[in-house]
Amino acid sequence: MSVEQQELPALPVTFRPTRTRVVLLSVGTVMFAVITAVAFALEKLTTGERISFVLTALLFFGVLALLGRPKVVADEQGVTVVNLTRSRRLEWAEIIRVNLRSGDPWVFLDLSDGTSLPVLGIQPGIARQHAVRDARALRALAESRGTGTDNG
């Protein structure tokens, strides 16, 4: 489907693996609640041990929240890719191609400097059709706003 045939999403638009995020944050919340409840239910624990239980629960929740962080925000000027620990701002002209091949864990952006950037904010995981739709929308935006220098 060409860029002209595909309807472009209104900008700004945010792409993120919503189902994955909901699962991660739900599991993190339940884990925190259970570990904290156990810490206070065990009568033989000292205050320090209870605190260590709660801090461990917070650590688990923090890791799961970090895994739920990835997203891609597209606006008129370009794209902000937020992965686990880093964010990167790209102008539309820097994006040569948007790739989501069969078996890829997430989208990859081929960039004008010859590198490839993983985009964890669009991942097929538990919502493959949603990820494919988001990848196509991002590809259409990149093609309509980029330099059009992709000859491959």
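Residues numbered from 1 in each chain as written. Predicted model: local features only at pLDDT ≥ 70, side-chain atom pairs only at ≥ 80, totals over all residues. Heavy atoms only, no water.

1. A word on the sheet that holds strand β7 (residues 116-119)
Alright, step 1. The strand order β5-β6-β7 describes an open sheet built from three strands, whose pairing is antiparallel. Two strands close off the open sheet at either side, each with one partner strand: β5 (95-99) and β7. Across the sheet, the axes of successive neighbouring strands diverge by a mean angle of 25°, strand direction being ignored.
Alright, step 2. Of the pairings in the sheet, the one linking strand β6 (residues 107-111) to β7 comprises four bridges and is antiparallel in character. Bridge pairing in β7 links V107 to V119.
Alright, step 3. Against the sheet, helix α3 (residues 128-145) makes contact with β5 and β6, and its axis sits at roughly 165° relative to β5, the strand it touches most. (Pairing = 2+ DSSP bridges. Helix = DSSP H or I, 4+ residues; strand = E, 2+ residues; numbered from the N terminus. Axes fitted to C-alpha atoms, helices over the stretch in contact; angles between N-to-C directions. Contact = heavy atoms within 4.5 Å.)

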